[in-house]
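# Geometric and topological summary
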Amino acid sequence: MVHRILSGMQPTGNLHLGNYLGALKNWVKLQDTAECYYCVVDLHAITVPQDPQKLKQATRETAAAYIAAGIDTRKSTLFVQSAVSAHAELGWILSTLTPLGWLGRMTQFKDTKARIKYKANVSEEEQKKAAASIRKIVVDDVSIIPSDAKLGLFAYPVLMAADILAYKATHVPVGEDQKQHLELTRDIAGAFNRAYNAEYFPIPEPQILGEATRVMSLRDGTKKMSKSDESDYSRINLTDDADAIALKIKKAKTDADPLPETVAELEKRPEAYNLVTIYAALSDSPRGAVLEAHTGEQFSTFKKDLTEMAVAKLLPITEKMRRLLADPVEIDQILIRGEEHANALTQKHMREIKDIIGLWNV
Ligand code: ADP
Ligand code: TRP
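Analysis parameters
Residues numbered from 1 in each chain as written. Chains lettered and ligands numbered in written order. Predicted model: local features only at pLDDT ≥ 70, side-chain atom pairs only at ≥ 80, totals over all residues. Heavy atoms only, no water. Near = heavy atom within 4 Å. Polar contact = N/O pair within 3.5 Å; in protein donor to acceptor, adjacent residues only side chain to side chain. Areas by Shrake-Rupley, 256 points an atom, 1.4 Å probe, with all protein chains shown as cover. Helix = DSSP H or I, 4+ residues; strand = E, 2+ residues; numbered from the N terminus. Nonpolar A, V, L, I, M, F, W, Y, C, P; charged D, E, K, R; others polar. Patch = residues over 30% accessible without salt bridge, like charges linked within 9 Å, V, L, I, M, F, W, Y side chains within 5 Å. Salt bridge = Lys/Arg side-chain N within 4 Å of Asp/Glu carboxyl O. Lys, Arg positive; Asp, Glu negative; His and termini not counted. Charge placed at Lys NZ, Arg CZ, Asp CG, Glu CD. Buried < 20%, exposed > 50% of the residue type's maximum accessible area, 1.4 Å probe, protein only. Axes fitted to C-alpha atoms, helices over the stretch in contact; angles between N-to-C directions. Left-handed = near helix turned anticlockwise from the far one by under 90°. Contact = heavy atoms within 4.5 Å.

## Describing the site of ligand 1
In the vicinity of ligand 1, 17 residues are found, and the nearest of them are H16, G175, D177, V215 and M225. Contact distances for ligand 1 include 3.1 Å between an oxygen atom and a side-chain N or O atom of K224. Residue M225 places a main-chain N or O atom 2.9 Å away from a nitrogen atom belonging to ligand 1. Protein coverage of the free-state accessible area of ligand 1, which is 530 Å², stands at 93%. The dominant element in the shell around ligand 1, judged by the number of residues it contributes, is helix α1 (residues 17–30), at four residues. Its residues assigned to classes, the shell around ligand 1 shows five nonpolar, eight polar and four charged.

In structure tokens:
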């Protein structure tokens, strides 16, 4: 079987260190191991309200970040999801095989829904009610979903399954938070194969790689670093300059103790654990080795080293992104070439899929 990789990110806001260490850095490494397809998932982005002009620009910026981080378009196919019609088409087909109960269990839907309620400026009381009703979906009662929740937001993971299966991808490199969506994709692939008695889709494997599969907020070691966090001090953006990186690391929450000797001791201290994890991932070394080199150091000293490491690794990416965005025509041309390649493969698969299902295909 061909070893084929597909992954994507939403063009919503700036990419941050979590996106880079949890996903993008691994995508770059995997380019030499398989046939790789990397997309900007703009159809996923519109599951929450977007400004049309900003969305287009954010799509370009996300593509620029992929290239700046090291995606080599001679090795990998880089494209925009909405330019390849098979994603939405297969999404519909797969939605006919996906039980609502499977979708109700997805935590990302719950998080997003809670966030929208929060942003809509509703009272705290109402937010709590919404959060409670969202939690209840887990017990499988789909009728509890707030009636204003959009179908597309709920069906988001089915589109993600289609992104992957349209390519018959075998491996999907993502951060830890996407594990549940990947499990759903595997279930949907199995449901299709069983429903049509065809061994058509490979069951894709998640690739959750490296030391930083879940980078946490710099303000709260128990919360994921995320684009949607209110505080910009919670994350390092790929567009931050050296001063911003230094300030954010300096202000990052830590405890008063020095760096411990063992990873087991570190695990009891979420903020300390997060900073050491970030250092380990940036420097491509295991957490244990970072501790060995810095044991007993105060965090004020370690943070200086971490800042140097982060600036050295991230600034070249930021600068390349800026250069690329100065000439959007070049990025657009790369995306058009990628789109043609992605369309060629997925159209072939769509013809086979239609044939299996008995859809009109003459
Ligand atoms: P976000 O979660 O920031 O909105 P996306 O949902 O578009 O970003 O995620 C794109 C990729 O980045 C996914 O593979 C996801 O698992 C990964 N990712 C996002 N946040 C983190 C994080 N804090 N740590 C590790 N990986 C992350
Ligand atoms: N759902 C992913 C996220 O929120 C993004 C995504 C969409 C994706 N389609 C994908 C990731 C296909 C991997 C493969 O981060």
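## A short note on a positive patch on the surface
Taken together, the side chains of R219, K250, K251 and K304 present a region of like positive charge at the surface. Take K251: its relative accessible area is 44%, and that puts it in the partly exposed class.

## Topic: the packing of helix α12 (residues 270–283) against helix α14 (residues 299–325)
One can describe the packing of α12 onto α14 by two numbers: an axis separation of 10 Å at closest approach and a directional angle of 35°. Relative to α14, α12 is oriented so that their crossing is left-handed. Residues A272, L275, V276, I278, Y279, L282 and S283 of α12 touch α14, and the partners they reach there are F299, F302, K303, D305, L306, M309, A310, K313 and L314. Taken together, the residues that form the contact of α12 with α14 break down as 12 nonpolar, one polar and three charged.

Distances and angles like these do not, on their own, reveal function.
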